[in-house]
Amino acid sequence: QVQLVESGGDLVQAGGSLRLSCAASRSIFSLNVMGWYRQAPGKQRDLVATISSSGTNYADSVKGRFTISRDNAKNTVDLQMNSLKSEDTAVYYCKARYGLRDYWGQGTQVTVSS
């Protein structure tokens, strides 16, 4: 199966920036769709951004502030987060689709202080 490891979560002040990274155990070229999701306490896990051979998609709440990208040589998918807001506070998860199955990382905590 596919193993995913997220890193880069931290405590940051509102208006600041963070860059999250998701390392995959296999070539991301073989993974049709990869994405970032987030889950705040007591809330559902929501889509943040996805990336595929067709391009990128973003949740309305992060458009213009977040950028998803991938590095095929490093087998990573990154999420650059700028102009962070308190409502961005959540555990951020990386997801990959391989075949008909979805694979998830363990998550990385992002806390934005106001």
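Treat the numbers as computed from the prediction; the structure is a model and nothing was measured.

Draft legend 1. Here's a closer look at the overall build of the protein chain. If you tally the helices and strands in the protein chain, you get zero helices and eleven strands. In sequence order, the secondary structure elements of the protein chain are arranged as β-β-β-β-β-β-β-β-β-β-β. The globule rule puts the C-alpha radius of gyration for 114 residues at 13 Å, and the 13 Å found for the protein chain is close to it. Overall, the C-alpha framework of the protein chain stretches about 40 × 25 × 25 Å when taken along its three principal axes. Buried positions account for 39% of the 114 residues belonging to the protein chain. Of the contacts made within the protein chain by residues no fewer than 6 positions apart, 54% connect residues no fewer than 24 positions apart. Of the side chains in the protein chain, 13 bear a positive and 9 a negative charge, and the two mean positions are spaced by 5 Å.

Draft legend 2. Representation of the side chain of Thr50. Among the structural elements, Thr50 can be located in strand β5 (residues 46-52). A relative accessible area of 12% means that Thr50 is categorised as buried. In contact with Thr50, other than residues within four places in its own chain, are Val33, Met34, Gly35, Gly55, Thr56, Asn57 and Ile68.

Parameters at a glance
Residues numbered from 1 in each chain as written. Predicted model: local features only at pLDDT ≥ 70, side-chain atom pairs only at ≥ 80, totals over all residues. Heavy atoms only, no water. Helix = DSSP H or I, 4+ residues; strand = E, 2+ residues; numbered from the N terminus. Rg over C-alpha atoms; globule rule 2.2 N^0.38 Å. Buried < 20%, exposed > 50% of the residue type's maximum accessible area, 1.4 Å probe, protein only. Contact = heavy atoms within 4.5 Å. Lys, Arg positive; Asp, Glu negative; His and termini not counted. Charge placed at Lys NZ, Arg CZ, Asp CG, Glu CD.

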